[in-house]
Structures are given as structure tokens and as C-alpha cells.
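Structure at a glance
Spelled out, the chains give:
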Amino acid sequence: MMLLGWLGLSGALASAACIALLAAVDPKRRGAAPARPGLRGLLLLATFMPGLALGVAGRWSDFLIWVGAAAISGWAIAALANRRRKPRQ
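On a predicted model such as this, the values are computed, not experimentally measured, just so you know.

**A few points about the overall build of the protein chain**
Looking only at helices and strands, the protein chain has four helices and zero strands in total. The secondary structure elements of the protein chain, listed N-terminal to C-terminal, are α-α-α-α. A buried classification covers 25% of the 89 residues belonging to the protein chain. If you take every contact in the protein chain between residues at least 6 apart in sequence, the share linking residues at least 24 apart comes to 68%. Roughly 6900 Å² of accessible area belongs to the protein chain as shown, and the carbon and sulfur atoms make up 69% of that amount.

As C-alpha cells, this is what we get:
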């Protein structure tokens, strides 16, 4: 019972890292064509792997922690990545 919550939180941090990488390599944000089309699919798969592993293992409380934390961190990353930068003079 000592690991209760920590597995879900660590899975959410791993998913947040994948979401941040997806936001960084998004071709719409960069204004360029995608360099590697398979990279986006791989990152998308890696984003959902912790939740799948927690669900298969039957760690439902950790799964719910992962869902909530990954959703909030994904929202925060999307909001921060969407900020416009001031042009330098």
C-alpha cells in the first residue's frame, strides 16, 4: 500500500513528457512539414502506455490518478505552448 498513488503520478509524468514532445514537434506550430511521420504515432502510443499498463495490472486507483493528472498536465502544456511570443526589436 505504500506505492498507492505514486505509480499513477509517475505514469502521468511520463505521459506529460510525451505530450510536451508532441507539442514541440507539432508541424502546425512550427509551420513546416513533419520530419518523421512515425514519430508522432510513436509518441501518441507512448502517451497512453502508462494508463494501459495500470489498467491491465488492475491498479484502478492509480489509473484514475493517471487519467486526472495526464488530462490536467496536457491542458496546461497545450495552454502554455499556445502563447504568442513578443517579437524582438
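Structure shown, so let's carry the discussion forward.
**As for the environment of serine 10**
Along the chain, serine 10 turns up in helix α1 (residues 6–24). Serine 10 sits in the partly exposed class, given a relative accessible area of 39%. The sequence separation of serine 10 and aspartate 62 amounts to 52 residues, and the corresponding C-alpha distance is 9.6 Å.

So, how was this worked out
Residues numbered from 1 in each chain as written. Predicted model: local features only at pLDDT ≥ 70, side-chain atom pairs only at ≥ 80, totals over all residues. Heavy atoms only, no water. Helix = DSSP H or I, 4+ residues; strand = E, 2+ residues; numbered from the N terminus. Buried < 20%, exposed > 50% of the residue type's maximum accessible area, 1.4 Å probe, protein only. Contact = heavy atoms within 4.5 Å. Areas by Shrake-Rupley, 256 points an atom, 1.4 Å probe, with all protein chains shown as cover.

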